[in-house]
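Residue-level listing of the chains:
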Amino acid sequence: MEGQSVEELLAKAEQGEAEKLQRITVLKELELEFDLGNLLASDRNPPTGLRCAGPTPEAELRALARDNTQLLINQLWQLPTERVEEAIVARLPEPTTRLPREKPLPRPRPLTRWQQFARLKGIRSKKKTNLVWDEVSGQWRRRWGYQRARDDTKEWLIEVPGNADPLEDQFAKRIQAKKERVAKNELNRLRNLARAHKMQLPSGAGLHPTGHQSKEELGRAMQVAKVSTASVGRFQERLPKEKAPRGSGKKRKFQPLFGDFAAEKKNQLELLRIMNSKKPQLDVTRATNKQMREEDQEEAAKRRKMSQKGKRKGGRQGLGGKRKGGPPSQGGKRKGGLGGKMNTGPPGFGGKRKGGQRPGGKRRK
Amino acid sequence: MDALDRVVKPKTKRAKRFLEKREPKLNENIKNAMLIKGGNANATVTQVLKDVYALKKPYSVLYKKKNITRPFEDQTSLEFFSKKSDCSLFMFGSHNKKRPNNLVIGRMYDYHVLDMIELGIENFVSLKDIKNSKCPEGTKPMLIFAGDDFDVTEDYRRLKSLLIDFFRGPTVSNIRLAGLEYVLHFTALNGKIYFRSYKLLLKKSGCRTPRIELEEMGPSLDLVLRRTHLASDDLYKLSMKMPKALKPKKKKNISHDTFGTTYGRIHMQKQDLSKLQTRKMKGLKKRPAERITEDQEKKSKRIKKN
């Protein structure tokens, strides 16, 4: 009997506990991710219940919100608490979500000239009192500033020193000296500031304030800076391995208006002949260059893809093999296109190859 | 122009403090938000801005007049405002036929626009439409993001980060448990984002943790993602850079087991074990006769090996 009652009691207690816990437990497929420092919870479960809810899912949204909030509160209530003036306060951990800053990191300022000197000599500042006893006025006055203790310029009697000109105005001399001191101080302050901000400010034209630019933009800014000297960049030295900028000559060249009449006549007649002829005129060198460039681009794209996949070694050899097979296949392709002009194809093609700056030639070597 | 501003020396201590507050620091200030109306803002959008202002008091500024700008085309006026009022978060509301009830939410880095996301408002229920008691202003809200969409695309991830940044409020180390009053719940579903805010009611459950009941309190918005202007990856990385001083310091020479045991490492100098001071058991001491026999045995062993 007793055993039974004990068992019953235990069972009842368990049931009671389970009921209590039921009120605050929430079942979820995926656990939520908590960032208690920010009071944040992320629920990764797909909202299947909501999808079938229809246009106004208010009740389902509220149920979902209630469940998620319950889980977050459960987590928060497990934090260590302390009592602060009648209120129970939980200590939050550091926020884990990384959010961008609003301003860039503070840069360390360079030392001023005085600070450098003091550091060098080991001079440390002594603590001085704000007020000094002034004999003349018989009261405590500031050490510096408005109505200070020993103000040179405010004396009513100045003895003329022996070596000075008797007609010189000593009062004006002192005021002048003070003005010069103030101006010098201001100049030094501005110089220190300029030195500090030279590190921080980007120099004007062409450079973006946040310091983020592509290589081309930076290159352009550098070129513009080079040319903006008094001699328009003629005497600017280049770095040891720097190449001359491309395309920095005249953009278009025009023939003089009236000069060579024979040449002009020849050009105009040639133009008329081409316009009259029925057969299409094809500039073979230009066509072959265009084709070669297209194929180069395709190969570069393929190479990029292959290097992304990680098959670098195999790719290079394969491409090399493809390359060598290139020109004969190009010649073969051309037959259909060019019609009667095939004879001029390979020699012109080869000639262009030798002379030109083709990157393909370089790569083979 | 910036150089000129900095050269002007503040003449009063108050001005100096004002400038120091706006300088870049290691531990930053709480981000302020500016709420701007566009040239053609309608009643809905204006009410949304007012509600967000109420939620984010006192860390926000509501501009009363309309400003005729287009954030996605020209960001200079936004940057100027941000510099003047030292706000790094902004919300811009406008309305036109092509984009009705438009809301552009964004943040700044170094007074230049970092991210901007345009959202369209579909349903809006204002604070004043729901008649019940509200929580006091300045309380830190709890934020909950539901739905797996928030991790799938880059747009949604940035939007989540932007919303956290916008609504989180000041970072505190302690929080009064009874003061957790309201929760902002964002659900991403079928391309829409449902923003609801609820007031928290703590009910008794049998144990220490209370049972939660929610009551709809505040603005509720149904948002649709429109255009985005996200920062490039390297600019974003630059803005996320944490100074070394703030990085959590690693405790060296402490390791943890899977079972929960903590192990520590002590580094010692090399010890000469023959000179160790140990306990001497007098009974185990060798008598001289035994020592002689031992020596002889050792010698014989050596001869055998050789």
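Residues numbered from 1 in each chain as written. Chains lettered and ligands numbered in written order. Predicted model: local features only at pLDDT ≥ 70, side-chain atom pairs only at ≥ 80, totals over all residues. Heavy atoms only, no water.

- If you look chain B up in an unreviewed UniProt entry, it shows as Ribosome production factor 2 homolog from Sapajus apella.
- Here chain B is described in UniProt, under the heading Subcellular location (unreviewed entry), as follows: "Nucleus, Nucleolus".
- A UniProt comment under Sequence similarities (unreviewed entry) is attached to chain B, and it reads "Belongs to the RPF2 family." (UniProt positions renumbered as here; feature names shortened; annotations may be inferred.)

- Chain A appears in an unreviewed UniProt entry as Ribosome biogenesis regulatory protein from Sapajus apella.
- The Function (unreviewed entry) field of the UniProt record for chain A holds the comment "Involved in ribosomal large subunit assembly."

### Here's the deal with the overall build of chain B
Part 1 of the argument: Counting its regular elements, chain B contains 7 helices and 13 strands.
Part 2 of the argument: Looking at chain B residue by residue over its 306 residues, the buried ones come to 41%.
Part 3 of the argument: Put simply, of all contacts in chain B between residues at least 6 apart along the chain, 67% involve residues at least 24 apart.
Part 4 of the argument: For chain B, the exposed surface amounts to about 19,300 Å²; the carbon and sulfur share of it is 53%. (Helix = DSSP H or I, 4+ residues; strand = E, 2+ residues; numbered from the N terminus. Buried < 20%, exposed > 50% of the residue type's maximum accessible area, 1.4 Å probe, protein only. Contact = heavy atoms within 4.5 Å. Areas by Shrake-Rupley, 256 points an atom, 1.4 Å probe, with all protein chains shown as cover.)

### Some remarks on a nonpolar patch on the surface
Part 1 of the argument: Among the surface-exposed residues, W114(A), F117(A) and I123(A) lie close enough to one another that they form a single nonpolar patch of about 320 Å² accessible area.
Part 2 of the argument: With respect to the helices and strands, the residue W114(A) is situated in helix α4 (residues 113–121). (Patch = residues over 30% accessible without salt bridge, like charges linked within 9 Å, V, L, I, M, F, W, Y side chains within 5 Å. Salt bridge = Lys/Arg side-chain N within 4 Å of Asp/Glu carboxyl O.)

### Section: the packing of aromatic side chains
Aromatic rings considered in pairs are described by the distance between their centres and by the relative angle of their planes.
Part 1 of the argument: Following the criterion strictly, the structure yields 11 aromatic pairs over all chains and no others.
Part 2 of the argument: Measuring from centroid to centroid gives 5.8 Å for W114(A) and F117(A), while their planes differ by 40°, and the two rings are tilted. Taken together, the residues span about one helical turn, with W114(A) and F117(A) both in helix α4 at a distance of 3 residues.
Part 3 of the argument: W114(A) gets classed as exposed once you look at its relative accessible area, which sits at 52%.
Part 4 of the argument: For the pair F145(B) and F150(B), a centre-to-centre distance of 5.2 Å together with 90° between the ring planes defines the contact as edge-to-face.
Part 5 of the argument: Taken together, F145(B), F150(B), Y156(B), F166(B), F167(B), F186(B) and F195(B) form an aromatic cluster joined through their ring pairs.
Part 6 of the argument: Positioned above the aromatic ring of F166(B), the side-chain terminus of K56(B) is 5.3 Å from the ring centre.
Part 7 of the argument: For the cation-ring pair, K160(B) lies above F145(B), with the distance from its terminal atom to the ring centre recorded as 5.5 Å. (Phe/Tyr/Trp six-rings, centres within 6.5 Å; stacked < 30°, edge-to-face > 60°. Lys NZ or Arg CZ within 6 Å of the ring centre and 35° of its normal.)

### Focus on the interface of chain B and chain A
Part 1 of the argument: Taken residue by residue, the interface counts 75 residues in chain B and 61 residues in chain A.
Part 2 of the argument: Of the roughly 6,500 Å² buried between chain B and chain A, counting both surfaces, carbon and sulfur atoms make up 61%.
Part 3 of the argument: Taken together, chain B and chain A are joined by 5 salt bridges.
Part 4 of the argument: Here R196(B) ties to E58(A) by a salt bridge, and the two come within 2.7 Å at their closest N and O atoms.
Part 5 of the argument: At the junction of chain B with chain A, the criterion picks out 29 residue pairs in polar contact (both at pLDDT 80 or more).
Part 6 of the argument: Here the side of chain B that touches chain A takes 6 residues from helix α6 (residues 233–240) of chain B, the largest share from any one element.
Part 7 of the argument: Partitioned by chemical class, the residues of the side of chain B that touches chain A number 36 nonpolar, 15 polar and 24 charged. (Buried area = accessible area lost by both parts, 1.4 Å probe. Polar contact = N/O pair within 3.5 Å; in protein donor to acceptor, adjacent residues only side chain to side chain. Nonpolar A, V, L, I, M, F, W, Y, C, P; charged D, E, K, R; others polar.)

### Quick notes on the environment of T153(A)
Residues and elements named next belong to chain A.
Part 1 of the argument: Locating T153 in the fold gives a position in the loop between β6 (139–142) and α5 (170–200).
Part 2 of the argument: A residue is classified by how much of its surface remains accessible, and T153, at 23% relative accessible area, is partly exposed.
Part 3 of the argument: Residues T153 and A177, spaced 24 residues apart in sequence, show a C-alpha to C-alpha distance of 9.5 Å.
Part 4 of the argument: Reaching out from T153, the side chain makes a polar contact with the side chain of D151 at a distance of 3.0 Å.

### Some words on the sheet that holds strand β7 (residues 174–176) of chain B
Two pairing modes exist for strands in a sheet, parallel and antiparallel, and in both the strands are linked by backbone hydrogen bonds.
Part 1 of the argument: Spatially, 3 strands are ordered β3(A)-β4(A)-β7(B) in an open sheet, and the strand pairing comes out antiparallel. At either end of the open sheet lies a strand with only one pairing partner, and these are β3 (81–84) of chain A together with β7 of chain B. Mean inter-strand twist for the sheet, computed between neighbouring axes without regard to direction, equals 40°. (Pairing = 2+ DSSP bridges. Axes fitted to C-alpha atoms, helices over the stretch in contact; angles between N-to-C directions.)

### A word on the pairing of strand β4 (residues 102–109) of chain B
Residues and elements named next belong to chain B.
Part 1 of the argument: Burial runs high along β4: 8 of the 8 residues are buried.
Part 2 of the argument: In this structure, β4 lies alongside strand β5 (residues 112–125), joined through 8 bridges in antiparallel fashion. Bridge pairing in β5 links V104 to E118.
Part 3 of the argument: Remark: 2 residues form the turn of the hairpin made by β4 and β5, two consecutive strands paired antiparallel; D110 in that turn has positive phi of roughly 55°.

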